[in-house]
Amino acid sequence: MHITFLGGSETVTGSKLLFEHKGTKVLIDCGLFQGLKALRALNREDFPINPSTIDQVIITHAHLDHCGYLPLLVKNGYNGEIHMTHPTVDMVDLILLDSGKIQEEEAERANRHGYSKHSPAEPLYTLKQAAKVRQQMIGHNYDEWVIINADIKFRLLNSGHVLGSAMVELKVEDKTILFSGDLGRKDPMLLYPVKKLEQCDYLVLESTYGGRIHKEDDPKARLKEIIQETVSNKGILLIPVFAIERAQEIIYLISQLKDEEPGVALPVYLDSPMGADATQIMMDYREWADLSKEAIYKMQNAVKLIRDAQTSRFIVEDDKPRIVLAGSGMLEGGRILHYLNKYISDSKCTLFLVGFQAEGTRGRALLENCDEIKFFGEYKKVGARVLYTNALSGHADQSEIIDWLSNFKTAPKKVFLNHGENQQSQALRVKIETEYGWSCEVSKMGMRYSL
């Protein structure tokens, strides 16, 4: 048995892991690299192996850094099945279509304004290529065993990260290999908590917050305070959101505040076709989330969903006080860029970052107090107030990961850490070795490990 990290090592993007056993190749996750230019450039390079030689693909959840490379994999020859949970099928289809559309729009805009170094600028993949992936997706329930061949089977287990997110438990002959995907918080706001496990022979474990502890911050109280300040300043509150999970969490909190605090009643817009559709998918799969019918009703009435571009342009230009949720969560694309292009220099504007900001993204640059930032080929002075909370993070922090590991009754033969910037992964490695004495290693990109 061998595993090779083709992405998601020493970085939090581009998750791809190749598992091999007696000639069978299984790819677990197929994500895009995001953030730093050097990482994004990897998306344009040839895939490390011929995609047509891969037997099966398994996707843990519907975030671009875990599924966004699928159109290229299919375009370049993969014609097998792509496994994931039922909600993830709908979410992945949604996120890939949006990604293909954005790729085309950004290439067209770059060519029109001449700010690309490539002539002509070309999309990584098209909307049509993204749509083709749906034909190969197969949905599964949690805990459902799927047979790959006589030696290999797998099942998907709740990871508590986003709707339908999963760990992958691979049974290979008499060995168990567990791939954590992205682990959610100990007590998620909208979801059921991550499934506790007692044993595996090998563990591939994410380490996004491997060296950090989330602050004991009350996100609803923080949001209430920020909204009240926005009302007082007669300004605009911009909240960049990941369309899947983060958008729904903010809507849930706003729905509670509107119910409890009449003083925070500003117009609220979710200006994101994908966010609107993802919210509807969550409603459609209510049994996969820890939400009551009453909570869903309040969420539906708390926010105006914006899909069409004309209405979006009108809201961008409207200077009335309001709250706008828009993607993307790290400010790397989407409609939030149009709002920031107009308001980033406005001292009455508050930008509230509510998710992880990867190295090399606009979100990280703003978090690190940059003086100016580039939109659509032009630099803008930063005058808006930039705030941040990690209380809404969808990733388990170090203490929550260690707590989850405490359920294991026997030590894995080896723990491989991935999906973390090097400092975070190394911190978690030291903690696991100190706390449990387990053999633990930070994975390296392109390295092939024997099990």
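Keep in mind that what you see is a predicted model, and the values were worked out from it rather than measured. (Residues numbered from 1 in each chain as written. Predicted model: local features only at pLDDT ≥ 70, side-chain atom pairs only at ≥ 80, totals over all residues. Heavy atoms only, no water.)

### Considering the sheet that holds strand S13 (residues 268–271)
- Here 6 strands make up an open sheet; going across it, the order is S14-S13-S15-S12-S16-S19 and the pairing parallel. In this open sheet, the two edge strands, each paired with only one partner strand, are strand S14 (304–306) and strand S19 (385–388). Within this sheet the neighbouring strands show an average axis-to-axis angle of 20°, counted without direction.
- Note: strand S12 (residues 236–240) against strand S16 (residues 349–353), 3 bridges, orientation parallel. Bridged to Ile 236 within S16 is Cys 349. (Pairing = 2+ DSSP bridges. Helix = DSSP H or I, 4+ residues; strand = E, 2+ residues; numbered from the N terminus. Axes fitted to C-alpha atoms, helices over the stretch in contact; angles between N-to-C directions.)

### Observations regarding the packing of aromatic side chains
- What the rule picks out here adds up to 9 aromatic pairs.
- Between Phe 5 and Tyr 449, the aromatic rings sit 5.7 Å apart at their centres with planes inclined by 85°, giving edge-to-face as the arrangement. Here the residue Phe 5 occupies a position in strand S1 (residues 2–7), and Tyr 449 occupies one in strand S22 (residues 448–450), the gap between them amounting to 444 residues. For the pair formed by Phe 5 and Tyr 449, the shared burial category is buried.
- Where Trp 404 meets Phe 408, the ring centres are 5.5 Å apart and the plane angle is 75°; that geometry is what we call edge-to-face.
- Owing to a relative accessible area of 8%, Phe 408 belongs among the buried residues under this scheme.
- Counting every residue linked through ring pairs, the aromatic cluster contains Trp 404, Phe 408, Tyr 436 and Trp 438.
- Sitting over the ring of Trp 145, Lys 153 keeps its end group 4.5 Å from the ring centre.
- The ring of Tyr 343 carries the charged tip of Lys 342 above its face, separated from the ring centre by 5.4 Å. (Phe/Tyr/Trp six-rings, centres within 6.5 Å; stacked < 30°, edge-to-face > 60°. Buried < 20%, exposed > 50% of the residue type's maximum accessible area, 1.4 Å probe, protein only. Lys NZ or Arg CZ within 6 Å of the ring centre and 35° of its normal.)

### Let's talk about the side chain of His 214
- Looking at the element boundaries, His 214 is found in the loop between strand S11 (202–206) and helix H6 (219–233).
- Accessibility expressed as a relative area gives 3% for His 214, which makes it buried.
- Within the structure, the side chain of His 214 is placed 2.9 Å from the backbone oxygen of His 395, a separation counted as a polar contact.
- In this view, His 214 contacts Arg 185, Tyr 209, Asn 390, Ser 393, His 395, Ala 396, Asp 397 and Glu 400; residues no more than four positions away in its chain are not counted. (Polar contact = N/O pair within 3.5 Å; in protein donor to acceptor, adjacent residues only side chain to side chain. Contact = heavy atoms within 4.5 Å.)

### Concerning the sheet that holds S11
- Read from one edge of the open sheet, 7 strands run S7-S8-S9-S10-S11-S20-S21, paired in mixed fashion. Only two strands of the sheet have a single partner each, and these edge strands are strand S7 (146–147) and strand S21 (440–442).
- Along the sheet face, helix H13 (residues 398–405) touches strand S9 (166–172), strand S10 (175–179) and S11 and points at about 160° away from the line of S11.
- Sitting on the sheet, helix H14 (residues 422–436) touches S11, strand S20 (414–418) and S21, and the angle it makes with S21 is about 175°.

### Remarks on helix H8 (residues 273–284)
- Relative to the 16 Å expected for 12 residues at 1.5 Å per residue, H8 spans 16 Å between its end C-alpha atoms, a close match to the ideal helical length.
- Along H8, the positions that sit buried rather than exposed are Met 274, Gly 275, Ala 276, Ala 278, Thr 279, Ile 281, Met 282 and Met 283.
- Where H8 is buried, its residues touch helix H4 (86–113), helix H7 (246–260), S13, helix H9 (293–302) and S14. (Expected span 1.5 Å × (residues − 1).)

### Quick notes on unusual backbone geometry
- The amide bond that connects Gly 327 to the next residue, Ser 328, takes the cis arrangement and shows omega of 10°.
- Here Ser 328 shows up in the loop between strand S15 (322–326) and helix H11 (336–343).
- In this structure, Phe 376 is a non-glycine residue whose phi angle is positive, near 50°.

### Quick notes on the pattern of salt bridges
- Per the counting criterion, the structure on display carries 31 salt bridges.
- Asp 143 is paired through a salt bridge with Arg 155; the nearest N and O atoms lie 3.6 Å apart. Linking Asp 143 in the loop between strand S6 (137–140) and S7 with Arg 155 in strand S8 (residues 152–158), this pair joins segments that are 12 residues apart in sequence.
- We note a salt bridge from Glu 260 to Lys 220, for which the minimum N-O separation is 3.0 Å. Taken together, the residues span a long stretch of sequence, with Glu 260 in helix H7 and Lys 220 in helix H6 at a distance of 40 residues.
- Residue class for Glu 260 comes out partly exposed when judged on its relative accessible area of 42%.
- Among the charged side chains, a network of salt bridges with common partners joins Lys 22, Asp 151 and Glu 173. (Salt bridge = Lys/Arg side-chain N within 4 Å of Asp/Glu carboxyl O.)

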